[in-house]
Amino acid sequence: MKLWLDGGLQDMDTARVSVFDHGLTVGDGIFETVKAVDGRPFALTRHLDRLARSARGLGLPEPDADEVRRACAAVIDANPMPLGRLRITYTGGHGPLGSDRGDQGPTLVVALGASDRRPDATAVVTVPWTRNERGALTGLKTTSYAENVVALARAREHGASEALFANTVGQLCEGTGSNVFVVLDGEIHTPPVASGCLAGITRALAVEWTGARETDLPLDVLERADEVFLTSTLRDVQAVHRVDGRELPGAPGPVTAKAMQVFDERAGDDLDP
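What comes next is a walk through the structure.

Calculation rules
- Residues numbered from 1 in each chain as written.
- Predicted model: local features only at pLDDT ≥ 70, side-chain atom pairs only at ≥ 80, totals over all residues.
- Heavy atoms only, no water.
- Buried < 20%, exposed > 50% of the residue type's maximum accessible area, 1.4 Å probe, protein only.
- Helix = DSSP H or I, 4+ residues; strand = E, 2+ residues; numbered from the N terminus.
- Pairing = 2+ DSSP bridges.
- Axes fitted to C-alpha atoms, helices over the stretch in contact; angles between N-to-C directions.
- Parallel < 35°, antiparallel > 145°, perpendicular 65-115°, else oblique.
- Left-handed = near helix turned anticlockwise from the far one by under 90°.
- Contact = heavy atoms within 4.5 Å.
- Nonpolar A, V, L, I, M, F, W, Y, C, P; charged D, E, K, R; others polar.
- Phe/Tyr/Trp six-rings, centres within 6.5 Å; stacked < 30°, edge-to-face > 60°.
- Lys NZ or Arg CZ within 6 Å of the ring centre and 35° of its normal.
- Patch = residues over 30% accessible without salt bridge, like charges linked within 9 Å, V, L, I, M, F, W, Y side chains within 5 Å.
- Areas by Shrake-Rupley, 256 points an atom, 1.4 Å probe, with all protein chains shown as cover.
- Salt bridge = Lys/Arg side-chain N within 4 Å of Asp/Glu carboxyl O.

1. Observations concerning the pairing of strand E5 (residues 83-91)
Phase 1 of the analysis: For E5, a buried count of 7 out of 9 residues is recorded, marking the element as mostly surrounded by other parts of the structure.
Phase 2 of the analysis: Two strands pair when backbone bridges link them, and strand E3 (residues 29-37) and E5 are joined in this way by 9 bridges, in the antiparallel orientation. From the neighbouring strand, Val 37 faces E5, where its bridge partner is Leu 83.
Phase 3 of the analysis: Note: E5 against strand E6 (residues 107-114), 8 bridges, orientation antiparallel. Bridge pairing in E6 links Thr 91 to Thr 107.

Written out as structure tokens, the structure reads:
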């Protein structure tokens, strides 16, 4: 397995990042996960645009998009596989042990791992912790991911693949690595970005392609929604068959099934929508 580190391909077993890298010491970094299908990345332009927005929001120098594209192409070519998780990580680079940044420049890592197609339906749980819709990192895809690790572990303990958060005012927000949609009276709704959720790439495409509405939703909408589904880079559109103790029999329901079909068709027609 080969990955890209600071300018070129390296063997996975010998590639090294400094123990003083700010991404390690204080979580000062951003990342993107891109789906790679048969040697081609999906929606790469949108992912690179968001990577740049995250860098600006965190105060990092904006990544060189052409270099990142070259790195992605090199890694995909060096590691052929039918379905992969392409991870772009960009950190503050070598720095002091405190929060101040160093002056040696950012670190760029691009790596690829094999992935399997997700099941059509999954279970989710809600968690007692909240997303802060007014935080300094709100809307940025940063490597400060520990709260997601904790919440996802809670989900696994309860036989689920995802945990869903409310925000600080009790509105439905997002999952640890996904966006959430609900179907009410045949209409698709998803929390707006103002709720504190990440502006997911798959979320945006699903909204465009299905006509979903961005709506402020209370967390308890999950107790009465006709259907629930998740979107993310590797889930695409995935139905939810259980929320906490509530079963949603027959998932994917008709509206979700249609959304899954539309997404598959549109994504198949254009790998960089």
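2. Brief notes about the packing of helix H2 (residues 44-58) against helix H5 (residues 201-210)
Phase 1 of the analysis: At a closest axis distance of 10 Å, the pairing of H2 and H5 adopts a crossing angle of 125°. Judged by the angle between their axes, H2 and H5 are oblique. Relative to H5, the crossing made by H2 is right-handed. Between H2 and H5, the residues in contact are Arg 46, His 47 and Arg 50 and Ile 201, Ala 204, Leu 205 and Glu 208, respectively.
Phase 2 of the analysis: Looking at the contact of H2 with H5, its residues break down into 3 nonpolar, 1 polar and 3 charged.

3. Side note on H5
Phase 1 of the analysis: Across the 10 residues that make up H5, a large majority, 7, are buried.
Phase 2 of the analysis: Along H5, the residues classified as buried are Ile 201, Thr 202, Arg 203, Leu 205, Ala 206, Val 207 and Trp 209.
Phase 3 of the analysis: Positive phi shows up at Gly 211, right after H5, with a value of about 75°.

4. Some thoughts on the packing of aromatic side chains
Phase 1 of the analysis: Counting across every chain of the model gives 4 aromatic pairs.
Phase 2 of the analysis: Here the aromatic rings of Phe 31 and Tyr 145 are separated by 5.2 Å at their centres, their planes lie at 85°, and the arrangement is edge-to-face. One end of the pair, Phe 31, is in strand E3; the other, Tyr 145, is in the loop between strand E7 (121-131) and helix H4 (146-157), with 114 residues separating them in the sequence.
Phase 3 of the analysis: Take Phe 31: its relative accessible area is 4%, and that puts it in the buried class.
Phase 4 of the analysis: Measuring from ring centre to ring centre gives 6.3 Å for Phe 42 and Phe 263, while their planes differ by 65°; the resulting arrangement is edge-to-face. You can see Phe 42 sitting in the loop between strand E4 (40-41) and H2 and its partner Phe 263 sitting in helix H6 (residues 254-269), a full 221 residues away along the chain. Here Phe 42 and Phe 263 have matching classes, each one buried.
Phase 5 of the analysis: Taken together, Phe 42, Trp 209 and Phe 263 form an aromatic cluster joined through their ring pairs.
Phase 6 of the analysis: Geometry around Phe 42 places Lys 35 over its ring, the cationic atom sitting 5.0 Å from the centre.
Phase 7 of the analysis: Against the face of Phe 31 rests Arg 87, its NZ or CZ located 3.9 Å from the ring centre.

5. Focus: a nonpolar patch on the surface
Phase 1 of the analysis: A contiguous nonpolar surface patch, about 440 Å² in accessible area, is contributed by Val 19, Phe 20, Leu 24 and Leu 97.
Phase 2 of the analysis: Looking at Val 19, the relative accessible area reads 59%, which means it is exposed.

6. A short note on the packing of H2 against helix H3 (residues 65-78)
Phase 1 of the analysis: Where H2 contacts H3, the two axes come as close as 11 Å, and the packing angle between them is 130°. Comparing their axes, H3 and H2 come out oblique. Helix-helix and strand crossings are classified by hand; for H2 and H3 the assignment is right-handed. For the pair H2 and H3, the contacting residues are Leu 44, Thr 45 and Leu 48 in the first and Ala 65, Val 68, Arg 69 and Cys 72 in the second.
Phase 2 of the analysis: Of the residues assigned to the contact of H2 with H3, the class counts are 5 nonpolar, 1 polar and 1 charged.

7. Concerning the environment of Gly 200
Phase 1 of the analysis: Along the polypeptide, Gly 200 turns up in the loop between strand E11 (187-190) and H5.
Phase 2 of the analysis: Each C-alpha atom of the pair Gly 200 and Ser 232 lies 6.9 Å from the other, and the pair is 32 residues apart in sequence.
Phase 3 of the analysis: Excluding residues within four positions of it along the chain, Gly 200 makes contact with Arg 50 and Asn 179.

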